[in-house]
Amino acid sequence: MTVLNANRQTSTSSFSLADLDEKHWSDLPKFVPHPNFRGIFAGSGSDCLSDPKFAEEILKLVPSSNNNKPANVLYLGTATYDLPAPKARQTDQLKALGCTITSLDVSAVSPTKAELEAAIESADIILASGGNTLHAIDRWNRLDMVSMLRRASERGAVLAGGSAGAIWVFQSGHSDSADPDTFREPMLEMAKSGKKKRAGGPKGRNDKDEDEEHKDESSTYDANNKKKWSYIRVPGLNFLPALC
């Protein structure tokens, strides 16, 4: 047995901390991604997917067997409650490059298994929006979409997104899903008003508005109006066994 703390190591055998690390990691199973796995991810869904260069990089990952046909992009806007504005921000660049954009709305409705499979199986690119990761993962699990999405990645569909649109691919992620501004009702309210609330005050919100540019991201930090929520670790679908 080996007992370690920050300052010393005691052991029944004679090996160094470096040796222990090497032994520890060598005993772990090696992760080998599926040979067809393709993905491109970023920190911000709005920022990356509104950049034409990012859209070009996504298309470079589409298998050459596509025979230069327009790529079919399946947009999963679950994390932003299938609102149209985040969809436009995150798909317009791909649309400008000739892609066909299809949405699979599952935030508040439940398509049949056949409808889900048909949409996912026809996708060359699966683009997930930023937003509330916890809501998206919950809905996809409830609708048994996980195995469908995994099969799509294993046949070579490109996975893309930022923020929540990246976290879902990994084992888990550091998420702002506890931010009240990312909950359904505040998001729908923001979409109607075109403004974004700053969270703060005893109840986590106040009446202060700001111009809203990134409804798929967390609300803006204000040092004078600190928020009353914490980041949380949200489980992903574990296509990549790592923390995002």
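What this report covers is the structure whose coordinates are included nearby. It should be emphasised that the depicted structure is a prediction, and the values quoted were computed from it without experimental measurement.

1. Points about the packing of aromatic side chains
Line of reasoning, step 1. What the rule picks out here adds up to 3 aromatic pairs.
Line of reasoning, step 2. Both rings, one in F41 and one in F170, keep their centres 5.9 Å apart while their planes meet at 70 degrees; by these two values the pair is edge-to-face. Here the residue F41 occupies a position in strand β3 (residues 38-42), and F170 occupies one in strand β8 (residues 170-175), the gap between them amounting to 129 residues.
Line of reasoning, step 3. Since its relative accessible area comes to 25%, F41 is described here as partly exposed.
Line of reasoning, step 4. For F170, a relative accessible area of 14% gives the class buried.
Line of reasoning, step 5. Between W140 and W168, the ring centres sit 5.4 Å apart and the planes meet at 85 degrees, which makes this aromatic pair edge-to-face. Of the two residues, W140 is situated in helix α6 (residues 133-142) and W168 in the loop between α8 (164-167) and β8; the sequence distance between them amounts to 28 residues. Like W168, W140 is buried.
Line of reasoning, step 6. Each member of the aromatic cluster is reached from another via a ring pair, and the members are W140, W168 and F239.

About the criteria used
- Residues numbered from 1 in each chain as written.
- Predicted model: local features only at pLDDT ≥ 70, side-chain atom pairs only at ≥ 80, totals over all residues.
- Heavy atoms only, no water.
- Phe/Tyr/Trp six-rings, centres within 6.5 Å; stacked < 30°, edge-to-face > 60°.
- Helix = DSSP H or I, 4+ residues; strand = E, 2+ residues; numbered from the N terminus.
- Buried < 20%, exposed > 50% of the residue type's maximum accessible area, 1.4 Å probe, protein only.

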